[in-house]
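If you want the building blocks of each chain, they are given just below.
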Amino acid sequence: MAALAPPVAAIRRAIRHALIELPDPGPVLVACSGGADSLALAAATAFVAPRLGRSAGLVTVDHGLQEGSAQRAAAVADWARATGLAPVEVVRVDVSGRPGGPEAAARQARYRALTEVAGGLGAAALLTGHTRDDQAETVLLALARGAGPRGLAGMPARRWLGAALLLRPLLEVSREQTRAACTALGLDPWVDPHNADPAYARARVRAEVLPALVRALGPAVVDNLARTARLVAVDTAALDEQASTALDGVRHPDGGLSVGGLAALVPAVRGRVLHAWARELGARPAALSHRHVGALEALVTGWRGQGAAHLPGGLRVLRRAGRLTAIDPGAQV
Ligand SMILES: Nc1ncnc2c1ncn2[C@@H]1O[C@H](COP(=O)(O)OP(=O)(O)OP(=O)(O)O)[C@@H](O)[C@H]1O
């Protein structure tokens, strides 16, 4: 019997580790584009899941943005069925007319479709093929835009996406390993032309920035960036938990927040409390920036009788009678 290729073994171990403690006995669903990362993920999940007493299916999304995308999706689905994955679904999404450019629209439509399929099948988890290299790129991009700890923490290995549990089992596996695993298994991955398109910041980081860092600082830099994300994620989770308790502590029965209570918090916790409250009020997380939180913060620590702080979605917050109070969009003040 031929020896198991080390990258295949490493990927199977990573998936076993992610699945073994899943409490929900339902099937797992691999989100697969046909690219090397998610193809290696799907092949390894097809092997590991049944050995843990679980079934594993696959879903591939056809964004209809490139010529031949329907054929690619069909080929992924055929391969998946032949590999023993079931159920296998191809979902066609329409990304036209969505805001934010074709990439952002495709991503949004993809995640919606993936979570809908996962929900419909009662999946215990949805698995994506993000690798350690994706994580390192995410951290560099976050640093470059001046992100706070939440951005530097990168992508979490597990998180809830609506009612679906999203798992990223390959965050400690390199892209080189997923490619090598595909070669070892005789798989022929699809190459997404967008991944090499210099119009995208992530593609430039992948093609130019990370290789330059590796040349200058050595190959450990990719692993080190991913480790930074893990370390920051632990601290961020602890601060988020403190902030959640603190938010309940400063709430006023009328729905506002006590200025005195907020002023007594340490800045790292206060900023998170204000961020969480703004999201509760309905501000979209993607639109909520450090400037918005800074304007709320100024109502507490830089008070000089100023007017309302403005939040995304037309929301406004005033300081009145010792409290921060949200004003309905459109209301006269
Ligand atoms: N067309 C697709 N169908 C199904 N799953 C997909 C598709 N495209 C991407 N995925 C899943 O998402 C993972 C990440 O893909 P990619 O890096 O291209 O997306 P992304 O837009 O960067 O995602 P994210 O925004 O979550 O980082 C893949 O490994 C795969 O699991």
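Residues numbered from 1 in each chain as written. Predicted model: local features only at pLDDT ≥ 70, side-chain atom pairs only at ≥ 80, totals over all residues. Heavy atoms only, no water.

- If you look the protein chain up in UniProt, it shows as tRNA(Ile)-lysidine synthase from Salinispora tropica.
- Quoted verbatim from the Catalytic activity heading of the UniProt record, the comment on the protein chain is "cytidine(34) in tRNA(Ile2) + L-lysine + ATP = lysidine(34) in tRNA(Ile2) + AMP + diphosphate + H(+)".
- UniProt, in the comment section headed Subcellular location, describes the protein chain in these words: "Cytoplasm". (UniProt positions renumbered as here; feature names shortened; annotations may be inferred.)

### Re the overall build of the protein chain
Then, in step 1: Along the backbone of the protein chain there are twelve helices and ten strands.
Then, in step 2: On the principal axes, the C-alpha backbone points of the protein chain span a range of 75 × 45 × 40 Å.
Then, in step 3: Within the span of the protein chain, comprising 333 residues, buried residues form 44% of the whole.
Then, in step 4: Surface accessibility of the protein chain: about 17,100 Å² in total, with carbon and sulfur atoms responsible for 55%.
Then, in step 5: Side chains of the protein chain give 37 positive and 28 negative charges; the mean places of these two sets differ by 5 Å. (Helix = DSSP H or I, 4+ residues; strand = E, 2+ residues; numbered from the N terminus. Buried < 20%, exposed > 50% of the residue type's maximum accessible area, 1.4 Å probe, protein only. Areas by Shrake-Rupley, 256 points an atom, 1.4 Å probe, with all protein chains shown as cover. Lys, Arg positive; Asp, Glu negative; His and termini not counted. Charge placed at Lys NZ, Arg CZ, Asp CG, Glu CD.)

### Observations regarding the site of the ligand
Then, in step 1: Around the ligand, the surrounding shell holds 14 residues, and the nearest of these are Ala31, Val61, Arg107, Arg110 and Tyr111.
Then, in step 2: In the environment of the ligand, an oxygen atom lies 2.7 Å from a nitrogen or oxygen atom belonging to the side chain of Arg110.
Then, in step 3: Note that an oxygen atom of the ligand is positioned 3.0 Å from one of the side-chain N or O atoms of His130.
Then, in step 4: A total of 610 Å² of accessible area belongs to the ligand in isolation, and the protein chains cover 84% of it.
Then, in step 5: Taken together, the elements giving at least two residues each to the shell around the ligand come down to strand E2 (56-62) and helix H4 (101-120).
Then, in step 6: Its residues assigned to classes, the shell around the ligand shows five nonpolar, seven polar and two charged. (Near = heavy atom within 4 Å. Polar contact = N/O pair within 3.5 Å; in protein donor to acceptor, adjacent residues only side chain to side chain. Nonpolar A, V, L, I, M, F, W, Y, C, P; charged D, E, K, R; others polar.)

### Focus on the sheet that holds strand E1 (residues 28-31)
Then, in step 1: The strand order across the open sheet built from six strands is E3-E2-E1-E4-E6-E5, with neighbouring strands paired in mixed fashion. The open sheet has two free edges, formed respectively by strand E3 (88-92) and strand E5 (158-161), since each of these has just one partner strand. Pairwise comparison of adjacent strand axes, ignoring direction, gives a mean angle of 30° for this sheet.
Then, in step 2: Across the sheet, helix H3 (residues 69-83) is in contact with E2 and E3; its angle to E2 comes to roughly 175°.
Then, in step 3: With respect to the sheet, H4 is in contact with E1, E2, E3, strand E4 (125-127), E5 and strand E6 (164-167), its orientation differing from that of E2 by roughly 150°. (Pairing = 2+ DSSP bridges. Axes fitted to C-alpha atoms, helices over the stretch in contact; angles between N-to-C directions. Contact = heavy atoms within 4.5 Å.)

### Thoughts on the packing of helix H11 (residues 267-281) against helix H12 (residues 290-301)
Then, in step 1: Look at H11 against H12: their axes get within 9 Å of each other, and the N-to-C directions meet at 120°. The orientation of H11 with respect to H12, classified from their angle, is oblique. The chirality of how H11 crosses H12 is right-handed. Here Arg270, Gly271, Leu274, His275 and Ala278 of H11 come into contact with H12, specifically with Val293, Leu296, Glu297, Val300 and Thr301.
Then, in step 2: Among the residues making up the contact of H11 with H12, the classes are represented as five nonpolar, three polar and two charged. (Parallel < 35°, antiparallel > 145°, perpendicular 65-115°, else oblique. Left-handed = near helix turned anticlockwise from the far one by under 90°.)

### Here's the deal with unusual backbone geometry
Then, in step 1: The omega torsion of the bond from Ala86 to Pro87 falls at 0°, within 30 degrees of zero and hence cis.
Then, in step 2: You will see that Ala321, though not glycine, has its phi angle at about 50°, which is positive.
Then, in step 3: Classification of Ala321 by relative accessible area gives exposed; the value is 73%.

### Some details on the domain arrangement of the protein chain
Then, in step 1: Under the domain assignment, the protein chain is made up of domain 1 (6-221) and domain 2 (251-327).
Then, in step 2: Computed over C-alpha atoms only, the centres of domain 1 and domain 2 are separated by 36 Å. (Domains from an automatic or database assignment.)

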